[in-house]
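Listed below, chain by chain, are the residues.
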Amino acid sequence: QLQLVESGGGLVQPGGSLRLSCAAPENTLSNYAIGWFRQAPGKEREGVACISKSDWSTYYLDSVKGRFTISRDRSKNGIFLQMNGLTPEDTAVYYCAAHWISAQGLCNMERPRYWGQGTPVTVSS
């Protein structure tokens, strides 16, 4: 019954920034990794950034390293994704996901156990 709710997506110009939020108000467990996946039209879903709930270790997709930062939302027991230097190839629906696994393991999974509904991000002029 872990319910994940994403917010913060929208339309932004290339080079701009967005901050996504994933809230898990009913999550009282500390052994899940939580992270962000994205899926663009015609492309496979890919793990973008994931974080361990136990020690907050992180894992990033190579193409977003240095631009995206995943962090803990201390007030809502969820996570943020700060996205800077956005490019059109970042356009996708972004999903919050969770599974009882490491951060690296989550970002490389095909079917994590829990999913949110997604928030769309469009990077365009």
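Throughout what follows, the structure given in this document is the object of discussion. All of these numbers come straight from a predicted model, not from anything done at the bench. (Residues numbered from 1 in each chain as written. Predicted model: local features only at pLDDT ≥ 70, side-chain atom pairs only at ≥ 80, totals over all residues. Heavy atoms only, no water.)

**Some thoughts on the sheet that holds strand 8 (residues 78-83)**
Then, in step 1: Strand order across the open sheet formed by four strands is 1-3-8-7, with antiparallel pairing between neighbours. The open sheet has two free edges, formed respectively by strand 1 (5-7) and strand 7 (68-73), since each of these has just one partner strand. Direction aside, neighbouring strands of the sheet carry axes that sit 20° apart on average.
Then, in step 2: Here strand 3 (residues 18-23) pairs with strand 8 via five bridges, running antiparallel. Among the inter-strand pairings, L20 is bridged to a residue of strand 8, identified as L81. (Pairing = 2+ DSSP bridges. Helix = DSSP H or I, 4+ residues; strand = E, 2+ residues; numbered from the N terminus. Axes fitted to C-alpha atoms, helices over the stretch in contact; angles between N-to-C directions.)

**Description of the state of the cysteines**
Then, in step 1: For the coordinates displayed, the defined rule picks out two disulfides.
Then, in step 2: The side chain of C22 participates in a disulfide bridge whose partner is C96; the two sulfur atoms lie 2.0 Å from each other. Between C22 and C96, the S-S dihedral sits near -80°, and the bridge is therefore left-handed. Of this pair, C22 sits in strand 3 while C96 sits in strand 9 (residues 92-99); the two residues are 74 residues apart in sequence, bridging distant segments of the chain.
Then, in step 3: Accessibility expressed as a relative area gives 1% for C22, which makes it buried.
Then, in step 4: On the accessibility criterion, C96 (0% relative accessible area) is buried.
Then, in step 5: Between the sulfur atoms of C50 and its disulfide partner C107 the distance amounts to 2.2 Å. Of note, the bridge from C50 to C107 carries an S-S torsion of about 100° and is right-handed in sense. Here the residue C50 occupies a position in strand 5 (residues 46-52), and C107 occupies one in helix 1 (residues 103-107), the gap between them amounting to 57 residues.
Then, in step 6: Residue C50 is classed as buried on the basis of its relative accessible area of 0%.
Then, in step 7: For C107, a relative accessible area of 6% gives the class buried. (Disulfide = S-S within 2.5 Å. Buried < 20%, exposed > 50% of the residue type's maximum accessible area, 1.4 Å probe, protein only.)

What is shown is where atoms sit, not what they do.
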